[in-house]
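This is what each chain is made of:
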Amino acid sequence: MRPLFKGILAIVFLAIAATPALAYDHIQYDASYWPRSYYINAAFGSFFTRGDVNERPITVTDSVKNKHKIYTPDMAVFLSPEINLGVNIRCFSLNVDFQYWKTSEDLVGIDETEDATIWRVGFEFTYNFFWPEDFQVGIGLGYSYTSLTTENSAFVGDKVQDSHLMGSGIALVTNIHYYFTENIAIVPSVKLYENWYKFVNSKATGTCDLEPFLWQTYVFTSIGVQYQF
């Protein structure tokens, strides 16, 4: 894990651990009361990304020691929707989030443009400051699995095939909830993902380990509408 991200995570843990008393100092509440609600949040935003994936093509070695070239997509900026399904338990939120988007991108290191599809499924845990007010600030952590498929990007001998990058990531999650009714909120959000792609797959080579991993940083800024029930 990169040192900068380790420092950010340490600050998040300290903030969550140290601030419950501050967040509730102005509110009278029953500590034994743990209300629960469920929600769906539909958001749309932009990814800004930098790292190994959009810096250089990669060379992989298959099970019979043949080397192949894979040209990754230059996805520096792209759009994406996001769906969150979750539960609020008092001042805490737990959710599953989904993202899927298809875009046309230049391939790094070659004069070609191909379709690239990225999808992500993850889990997030956030602490909501100022709960149960209408205006709340959330900060938390997430974990996700990501798949990035690029058409006609793997050069395997005299064949050209699709490539699939697969990996995991951890996230710093920040958001704001403004409830303008009891059930509906506007939710601006910024999420910082630190992703490591561990495997690459094509039809001819099968799944190959990436050594070293491909590290990629994603920043996702979005605005969504949340309905809780």
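Above this note sits the structure.
Structure report, in brief. For every chain, the first residue of its written sequence is number 1, and the numbers climb from 1 along that sequence. Local features in a predicted model are, by the rule used here, given only for residues with pLDDT of at least 70; side-chain atom pairs are given and counted only at 80 or more, and totals for whole chains, interfaces and linings are based on all residues. Derived side-chain values reflect all non-hydrogen atoms in the structure, with water molecules and hydrogen atoms excluded from consideration.

**With respect to the overall build of the protein chain**
Summing up its helical and strand segments, the protein chain has 2 helices and 10 strands in all. A helix here means a DSSP run of H or I that spans at least four residues, while a strand means a run of E at least two residues long, and both kinds are numbered starting from the N terminus. Mapped from its N terminus to its C terminus, the protein chain presents α and β elements in the order α-α-β-β-β-β-β-β-β-β-β-β. Only protein chains enter the accessibility calculation, which uses a 1.4 Å probe; a residue is then buried when its area is under 20% of its type maximum, exposed when over 50%, and partly exposed in between. When each of the 229 residues of the protein chain is scored for burial, the buried share is 49%. Per element, the accessible surface of the protein chain, about 11700 Å² overall, is 62% carbon and sulfur. The protein chains shown are the only cover counted for residues, whose accessible areas, like all others here, come from Shrake-Rupley with a 1.4 Å probe.

**Section: the pattern of salt bridges**
In the sections that follow, a salt bridge refers to a side-chain nitrogen of Lys or Arg positioned within 4 Å of a carboxyl oxygen of Asp or Glu. All told, the structure shown has 5 salt bridges when counted by the stated rule. Across the pair Arg56 and Glu55 runs a salt bridge, and its minimum N-O distance is 3.7 Å. Classification of Arg56 as partly exposed rests on a relative accessible area of 39%. In this structure, Glu151 and Lys102 form a salt bridge, with 3.8 Å as the shortest nitrogen-oxygen distance. Taken as a pair, Glu151 in strand 7 (residues 135-156) and Lys102 in strand 5 (residues 92-106) lie far apart in primary sequence, 49 residues in all. Put simply, Asp52, Glu55 and Arg56 are held in one network by salt bridges that share partners.

**Details of the side chain of Ser46**
Note that Ser46 resides in strand 1 (residues 36-51). Taking relative accessible area as the criterion, Ser46 reaches 18% and is therefore assigned buried. When residues no more than four places from it in sequence are discounted, the contact partners of Ser46 are Phe78, Leu79, Val219, Phe220 and Thr221. We call two residues in contact when some of their heavy atoms are within 4.5 Å.

**A closer look at unusual backbone geometry**
The peptide bond linking Trp131 to Pro132 adopts the cis configuration, its omega dihedral lying at 5°. With respect to the element layout, Pro132 can be found in the loop between strand 6 (113-129) and strand 7. Looking along the chain, the bond that leaves Glu211 and enters Pro212 is cis, with omega of 0°. Relative to the elements of secondary structure, Pro212 occurs in strand 10 (residues 206-228). One non-glycine residue, Asn152, lies in the positive phi region at around 50°.

**Thoughts on the pairing of strand 1**
Between any two strands, at least two bridges found by DSSP are needed for them to pair. Bridge count between strand 1 and strand 4 (residues 77-89): 13 bridges; the pairing is antiparallel. Looking across to strand 4, one finds that Ser37 is bridged to Asn88. Pairing analysis gives 13 bridges linking strand 1 to strand 10, with the strands arranged antiparallel. Within the sheet, the bridge partner assigned to Thr49 lies in strand 10 and is Tyr218.

**Points about the nonpolar core**
Core analysis: the biggest nonpolar cluster contains 23 residues, and Leu148, Leu165, Tyr197 and Leu210 have the highest contact counts within it. Where this core is concerned, the elements lending two or more residues are strand 2 (58-61), strand 6, strand 7, strand 8 (159-179), strand 9 (184-202) and strand 10. Dropping the residues within four chain positions of it, Leu148 is found in contact with Val53, Pro73, Met75, Ala116, Thr117, Ile118, Ser163, His164, Leu165 and Tyr197. By size, the runner-up hydrophobic cluster in this structure holds 7 residues, among which are Phe129, Ile139, Leu172 and Leu192. By nonpolar core is meant a set of buried Ala, Val, Leu, Ile, Met, Phe, Trp, Tyr and Cys residues that side-chain atoms within 4.5 Å join together.

**Structural notes on the pairing of strand 10**
Here strand 9 runs beside strand 10; their pairing, made up of 18 bridges, is antiparallel. Across the sheet, the residue bridging to Lys191 is Phe220, located in strand 10. The hairpin formed by strand 9 and strand 10 contains 3 residues between the paired strands.

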